[in-house]
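Given next are the chains, with one letter for each unit.
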Amino acid sequence: MRYKVSDRVNTIRVNNFLRLVEEHFDGSINAFAKKFGISPTPYYMILNGSRQFGSKVAKTVEQLFKLQPGQLDVEDGATEYETVAHIPVYGNKLSAGNGNTIFEQDIVRHHAVDRNDIKIYGWKEDNLCIFEVQGDSMTPELHEGQKVIVDTSQIEVVDNRVYAISVHNDIFIKKMFKELGTGKLIARSENTAYPDKHFNGDDELRIIGRVVYLLGKIL
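Our subject in this report is the structure included herewith. (Residues numbered from 1 in each chain as written. Predicted model: local features only at pLDDT ≥ 70, side-chain atom pairs only at ≥ 80, totals over all residues. Heavy atoms only, no water.)

## Considerations on the environment of isoleucine 38
Here is step 1: Tracing the backbone shows isoleucine 38 in the loop between α2 (29-36) and α3 (41-47).
Here is step 2: Overall, isoleucine 38 belongs to the partly exposed group, its relative accessible area being 28%.
Here is step 3: Excluding its chain neighbours within four sequence positions, the residues that come into contact with isoleucine 38 are Phe32, Ala33, Tyr43 and Leu64. (Helix = DSSP H or I, 4+ residues; strand = E, 2+ residues; numbered from the N terminus. Buried < 20%, exposed > 50% of the residue type's maximum accessible area, 1.4 Å probe, protein only. Contact = heavy atoms within 4.5 Å.)

And the structure:
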């Protein structure tokens with residue numbers, strides 16, 4: 001499942017793409033596609049609104065026109081800082097280490113997120129990262145292939161909230177609870193086929209951060 005980009009980022013990409021095609025190919029999508037030996041169909045679909053200008057297509061256009069990564073997301077007349085943030089997307093495995101440096105070798109790409117959204121929800125850009133959901137333990141709330149934004153500054157467990165956690169260097173996305181009386185942590189799946197996991201103080205459990213956003217939906 002594709003990660004949904006905001007309408008604003010989609011519009012910026014479309015406008016920049018049209019400008020590039022106008023400058024280099026007199027506005028002809030067919031001439032652009034023929035030059036690079038690619039199909040024009042996805043670009044016509046983007047322009048007629050039947051599909052989004054996703055990150056994969058944006059990266060392709062930047063490479064074809066020899067642009068810097070993320071340059072297609074910069075609004076005309078604005079700096080990149082004013083428009084979008086490029087949030088790191090991590091793989092599903094975490095290597096051993098302390099603090100956020102555990103992520104460094106697992107960045108697989110970056111995804112553009114509208115800075116207006118970050119401001120509205122009160123997040124800090126440097127605290128955000130993106131993970132892909134694997135498996136069915138969190139259905140029906142989260143499904144395999146969906147991507148979630150994690151705020152790594154929110155590591156204090158609040159009951160019934162979804163968190164990304166690391167257990168023995170494997171990553172899981174679970175609802176977390178504190179056990180009454182003991183304060184021990186419980187990780188719970190939405191899918192009742194999966195039993196709760198209880199963690200003692202000596203368990204190798206680390207709270208990576210709270211899952212705060214899914215495909216345009218605040219959590």
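## Some words on the layout of surface pockets
Here is step 1: There is about 360 Å³ of room inside the second largest pocket.
Here is step 2: Only β3 (128-132) and β6 (170-178) provide two or more residues apiece to the lining of the second largest pocket.
Here is step 3: No other element matches β6, which puts 5 residues into the lining of the second largest pocket.
Here is step 4: The class makeup of the residues in the lining of the second largest pocket is 9 nonpolar, 5 polar and 6 charged. (1 Å grid on protein atoms, 1.4 Å probe; cavity = no way out; pocket = protein on both sides within 12 Å on 5 of 7 lines; lining within 4 Å. Points joined across faces, edges and corners; volume = space filled by probe spheres on them. Nonpolar A, V, L, I, M, F, W, Y, C, P; charged D, E, K, R; others polar.)

## Quick look at the pattern of salt bridges
Here is step 1: Inspection of the entire model under this criterion finds 9 salt bridges.
Here is step 2: Two residues, glutamate 141 and lysine 175, come together in a salt bridge whose shortest N-O distance is 3.6 Å. Taken as a pair, glutamate 141 in the loop between β3 and β4 (147-151) and lysine 175 in strand β6 lie far apart in primary sequence, 34 residues in all.
Here is step 3: With a relative accessible area of 13%, lysine 175 lands in the buried category.
Here is step 4: Where glutamate 156 meets lysine 178, a salt bridge forms, and the shortest distance between an N and an O atom there is 2.8 Å. Of this pair, glutamate 156 sits in the loop between β4 and β5 (161-167) while lysine 178 sits in strand β6; the two residues are 22 residues apart in sequence, bridging distant segments of the chain.
Here is step 5: When its relative accessible area of 57% is taken as the criterion, glutamate 156 is described as exposed.
Here is step 6: Through salt bridges that share partners, Glu141, Lys175 and Glu190 make up one connected network. (Salt bridge = Lys/Arg side-chain N within 4 Å of Asp/Glu carboxyl O.)

## Considerations on the packing of helix α1 (residues 7-25) against α2
Here is step 1: Between α1 and α2, whose axes approach to 9 Å, the crossing angle comes to 80°. What the angle tells us is that α1 and α2 run roughly perpendicular. Across from Phe17, Val21 and Phe25 in α1, the residues of α2 making contact are Ile29, Ala31, Phe32, Lys35 and Phe36. (Axes fitted to C-alpha atoms, helices over the stretch in contact; angles between N-to-C directions. Parallel < 35°, antiparallel > 145°, perpendicular 65-115°, else oblique.)

## Points about α1
Note: α-helices contain 3.6 residues per turn, so residues at a spacing of three or four share the same orientation.
Here is step 1: Between the first and last C-alpha of α1 there are 26 Å, a value that for 19 residues agrees with the 27 Å anticipated at 1.5 Å per step.
Here is step 2: Three or more residues of α1 are buried, namely Val9, Asn10, Ile12, Arg13, Val14, Asn16, Phe17, Leu20, Val21 and Phe25.
Here is step 3: Immediately downstream of α1, the backbone of aspartate 26 shows phi near 50°, a positive value. (Expected span 1.5 Å × (residues − 1).)

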